[in-house]
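Understanding the architecture of this molecule
What follows is the residue order along each chain.
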Amino acid sequence: DTGVSQDPRHKITKRGQNVTFRCDPISEHNRLYWYRQTLGQGPEFLTYFQNEAQLEKSRLLSDRFSAERPKGSFSTLEIQRTEQGDSAMYLCASSGDRERSEQYFGPGTRLTVT
Amino acid sequence: AQTVTQSQPEMSVQEAETVTLSCTYDTSESNYYLFWYKQPPSRQMILVIRQEAYKQQNATENRFSVNFQKAAKSFSLKISDSQLGDTAMYFCAFMKDSNYQLIWGAGTKLIIKP
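Just so we're clear, the structure is a prediction, and the values are computed from it rather than from any experiment.

Below, the discussion takes up the packing of aromatic side chains. Counting across every chain of the model gives 17 aromatic pairs over all chains. An angle of 40° between the planes, with centres 5.4 Å apart, marks the rings of F21 of chain A and Y90 of chain A as tilted. Taken as a pair, F21 of chain A in strand β3 (residues 19–24) and Y90 of chain A in strand β9 (residues 88–95) lie far apart in primary sequence, 69 residues in all. The interplanar angle of 40° and the centroid separation of 6.1 Å between the aromatic rings of F35 of chain B and Y37 of chain B together place this pair among those described as tilted. Taking the relative accessible area as the measure of exposure, Y37 of chain B reaches 0% and is therefore buried. Members of the aromatic cluster, each reached through a chain of ring pairs, are Y35, F45 and F105 of chain A together with Y33, F35, Y37, F91 and W104 of chain B.

As structure tokens, this is what we get:
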């Protein structure tokens, strides 16, 4: 399967703990996106990479959130000092040069903060 | 700022019927893309159809077609010959031509009844 993959699929953590999620994009895609989706809502944009460069960050991405894509391949999203309000589905998507506007999504990581 | 509005929280139709999902958006941009994504229960987001704003012809993908009214800022999705597998949340999304952030509506839950 050469689709977007995310790990873990589910994460339960206690408030105040740090968590890290990983996203592996489609191999030939150079753009990678993170979105957050709360229950019953549409996703919200968090950040976007072109290769290893982080080009845009939403104001939703507080200082507790950091994302990296060190070699322009996989990406990690870390949340420090988690809060209950961080409970959500974290979606990763990727797109390539051939059709830049079409983003392909992974299955998501569901975070529950207790 | 761009906004996307889906005014139908939930819809339900019988199998084989035709259903239309509504979406309106607000933007001052002249070049942009519009999308419909499908999110089946507990499964990942799937791109259904894409429309480029500069194209007057409505996009079509098999049983899925759109009615794009640029002046009215309306972008509805028609599903013909609906199937049980079409049961999902459907999200309308907007993207400016100058960046790659998807701006999402709140979604419409579509239930296809046997």
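With that settled, the discussion passes to the state of the cysteines. For the structure shown, the criterion picks out two disulfides over all chains. Residue C23 of chain A pairs covalently with C92 of chain A via a disulfide, S to S 1.8 Å. As the torsion about the S-S bond is roughly -70°, the C23 of chain A-C92 of chain A disulfide counts as left-handed. Here C23 of chain A, found in strand β3, pairs with C92 of chain A, found in strand β9; they are 69 residues apart in sequence, far enough to count as distant. The exposure class assigned to C23 of chain A is buried, which follows from its relative accessible area of 0%. The side chain of C23 of chain B participates in a disulfide bridge whose partner is C92 of chain B; the two sulfur atoms lie 2.0 Å from each other. Measuring the twist about the S-S bond at about -70°, one finds the C23 of chain B-C92 of chain B disulfide to be left-handed. Here C92 of chain B lies in strand β10 (residues 88–96) and C23 of chain B lies in the loop between β3 (19–21) and β4 (24–26), a separation of 69 residues in the sequence. Both residues of the pair, C23 of chain B and C92 of chain B, belong to the buried class.

This part is about the side chain of R69 of chain A. All names here are of chain A. Structurally, the position occupied by R69 is in the loop between β7 (65–68) and β8 (75–79). Despite being buried, R69 has no salt bridge partner; E52 is the closest side chain of opposite charge, sitting 7.0 Å away. Here S73 takes part through its backbone oxygen, which lies 2.8 Å from a polar atom of the side chain of R69. With residues up to four places along the chain from it excluded, the contact list for R69 reads P25, H29, N30, R31, L32, F49, Q50, N51, E52, F74 and S75.

Take the nonpolar core next. In this structure, Y25, W36, F75, L77 and Y90 of chain B are the most contacted members of the largest nonpolar core, which totals 26 residues. For this core, the secondary-structure elements that each account for two or more residues are β2 (10–14), β3, β5 (32–39), β6 (46–52), β8 (64–69), β9 (74–79), β10 and β12 (108–113) of chain B. Looking at this core, the element that brings in the most residues is β10 of chain B, giving four residues. Within the second largest apolar cluster, 19 residues are counted, among which are V4, A67, L111 and V113 of chain A.

Rules of the game
Residues numbered from 1 in each chain as written. Chains lettered and ligands numbered in written order. Predicted model: local features only at pLDDT ≥ 70, side-chain atom pairs only at ≥ 80, totals over all residues. Heavy atoms only, no water. Phe/Tyr/Trp six-rings, centres within 6.5 Å; stacked < 30°, edge-to-face > 60°. Helix = DSSP H or I, 4+ residues; strand = E, 2+ residues; numbered from the N terminus. Buried < 20%, exposed > 50% of the residue type's maximum accessible area, 1.4 Å probe, protein only. Disulfide = S-S within 2.5 Å. Lys, Arg positive; Asp, Glu negative; His and termini not counted. Salt bridge = Lys/Arg side-chain N within 4 Å of Asp/Glu carboxyl O. Polar contact = N/O pair within 3.5 Å; in protein donor to acceptor, adjacent residues only side chain to side chain. Contact = heavy atoms within 4.5 Å. Core = buried A, V, L, I, M, F, W, Y, C linked by side-chain atoms within 4.5 Å.

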